[in-house]
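Summary of the model geometry
Each chain, letter by letter, is given below.
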Amino acid sequence: MSTEHPRYGLLGRHAECRQVDQLLNNLRSGQSQVLVVRGEPGIGKSALLGYALRTASGFRLARAAGVEYETELAYAGLHQLCAPMLPLKARLPEPQRDALDAAFGLSAHGPADRFVVGLAVLALLAEAAEEQPLLCVIDDAQWLDTESLVTIAFVARRLLAESVGLVFAVRQPSQVRELAGLPELVLGGLRHNDARALLDAAWPGRLDEQVRDRVIASLAAIRSRSSSFLGS
Ligand SMILES: Nc1ncnc2c1ncn2[C@@H]1O[C@H](COP(=O)(O)OP(=O)(O)O)[C@@H](O)[C@H]1O
Ligand SMILES: [Mg+2]
């Protein structure tokens, strides 16, 4: 049994949840915030993003997720993120409106100027955060199309005091150079008791204790071998 009661469906991860709580508080107080959550498949990146979404009360939320078979579709991910905010486009300068229209296939003009698209998205997110803080959650960023990734990373590096939060999840290992250097949170394995509780909850019926402990030990050994192989 885990010694702790799961918080918002999450077992353990107390330090990580505190970091997310702090990020949300900073956004509420008017700062902008960026966080790149990294970790191997299944480690709990999406679960932590879910925690951020569930606890962001009073926020406007925007979401996107990279999809493996859409990586060739220019601006597909950005369109997912921005679509609910597009009515605010009317408040942007004309060249920025035109650039968004070109990027999202709303005009015959093209190709979109990437720099102006970046400025337009920055302005659009700032407009969206005018009345309440905005939390953008971008899962599986390793599968975003390049145009979207470049644009969102451009925005992430230019945020100042707009109450705009960008929280990414990126599978490790993966080559996502665009997000390098941004504040990050690397997820390791759960503590033993939490891993046991998670396995118990996920396993239909009763799991033999010795089998359960052997599964956890094997996973920890695989993780430590792959992290020393990767030099991280
Ligand atoms: N701390 C946790 N508490 C409860 N369930 C968790 C926790 N971490 C991961 N899980 C569960 O484990 C599975 C894999 O986690 P997920 O967040 O999808 O991993 P990732 O996004 O890193 O691939 C999901 O079913 C998720 O709900
Ligand atoms: Mg995930």
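What to know about the site of ligand 1
Around ligand 1 there are 14 residues in total, and Leu11, Gly42, Lys45, Ser46 and Ala47 lie nearest to it. Alone, ligand 1 offers 550 Å² of accessible surface; in the complex the protein occludes 68% of this. Broken down by element, the residue count for the shell around ligand 1 peaks at 3 residues, all from helix H2 (residues 45-55). Considered class by class, the residues forming the shell around ligand 1 number 7 nonpolar, 4 polar and 3 charged.

Here we look at the environment of Leu23
You can see Leu23 is positioned in helix H1 (residues 14-28). You can call Leu23 buried: its relative accessible area is 7%. When the C-alpha atoms of Leu23 and Thr71 are compared, they prove to be 29 Å apart, with 48 residues separating the residues in sequence. Residues contacting Leu23, with those up to four places away along its chain left out, are Gln33, Leu35, Leu135 and Val167.

A word on the packing of H1 against H2
Between H1 and H2, the least distance of the axes is 10 Å, while the angle of their chain directions is 40°. Judged by the inter-axis angle, H1 sits oblique to H2. Here the hand of the crossing between H1 and H2 comes out right-handed. Seen from H1, the contacting residues are Glu16, Cys17, Val20, Asp21, Leu24 and Arg28; seen from H2, they are Leu48, Tyr51, Ala52 and Thr55. The residue makeup of the contact of H1 with H2, split by class, is 6 nonpolar, 1 polar and 3 charged.

As for unusual backbone geometry
The peptide bond linking Gln172 to Pro173 adopts the cis configuration, its omega dihedral lying at -5°. By secondary structure assignment, the location of Pro173 is in the loop between strand S4 (164-171) and strand S5 (184-186). Phi at Arg13 takes a positive value of approximately 60°, unusual for a residue other than glycine. Its place among the elements puts Arg13 in the segment before H1. Judged by its relative accessible area of 10%, Arg13 is buried. Unusually for a residue other than glycine, Tyr75 sits at a positive phi of about 70°. Structurally, Tyr75 can be placed in the loop between strand S2 (60-65) and helix H3 (76-82). Since its relative accessible area comes to 7%, Tyr75 is described here as buried.

Quick word on the pattern of salt bridges
Opposite charge on two side chains allows them to pair when their charged atoms are near. Taken as a whole, this structure holds 5 salt bridges when the rule is applied. Across the pair Arg91 and Glu127 runs a salt bridge whose closest N-O atoms are separated by 2.8 Å. Taken together, the residues Arg91 in the loop between H3 and helix H4 (94-103) and Glu127 in helix H5 (residues 114-128) connect sequence positions 36 residues apart. Residue classification places Arg91 among the partly exposed positions, given a relative accessible area of 48%. For Glu127, a relative accessible area of 22% puts it in the partly exposed group. The salt bridge partner of Arg114 is Glu147, with a shortest N-O separation of 3.8 Å.

The rules behind the values
- Residues numbered from 1 in each chain as written.
- Chains lettered and ligands numbered in written order.
- Predicted model: local features only at pLDDT ≥ 70, side-chain atom pairs only at ≥ 80, totals over all residues.
- Heavy atoms only, no water.
- Near = heavy atom within 4 Å.
- Areas by Shrake-Rupley, 256 points an atom, 1.4 Å probe, with all protein chains shown as cover.
- Helix = DSSP H or I, 4+ residues; strand = E, 2+ residues; numbered from the N terminus.
- Nonpolar A, V, L, I, M, F, W, Y, C, P; charged D, E, K, R; others polar.
- Buried < 20%, exposed > 50% of the residue type's maximum accessible area, 1.4 Å probe, protein only.
- Contact = heavy atoms within 4.5 Å.
- Axes fitted to C-alpha atoms, helices over the stretch in contact; angles between N-to-C directions.
- Parallel < 35°, antiparallel > 145°, perpendicular 65-115°, else oblique.
- Left-handed = near helix turned anticlockwise from the far one by under 90°.
- Salt bridge = Lys/Arg side-chain N within 4 Å of Asp/Glu carboxyl O.

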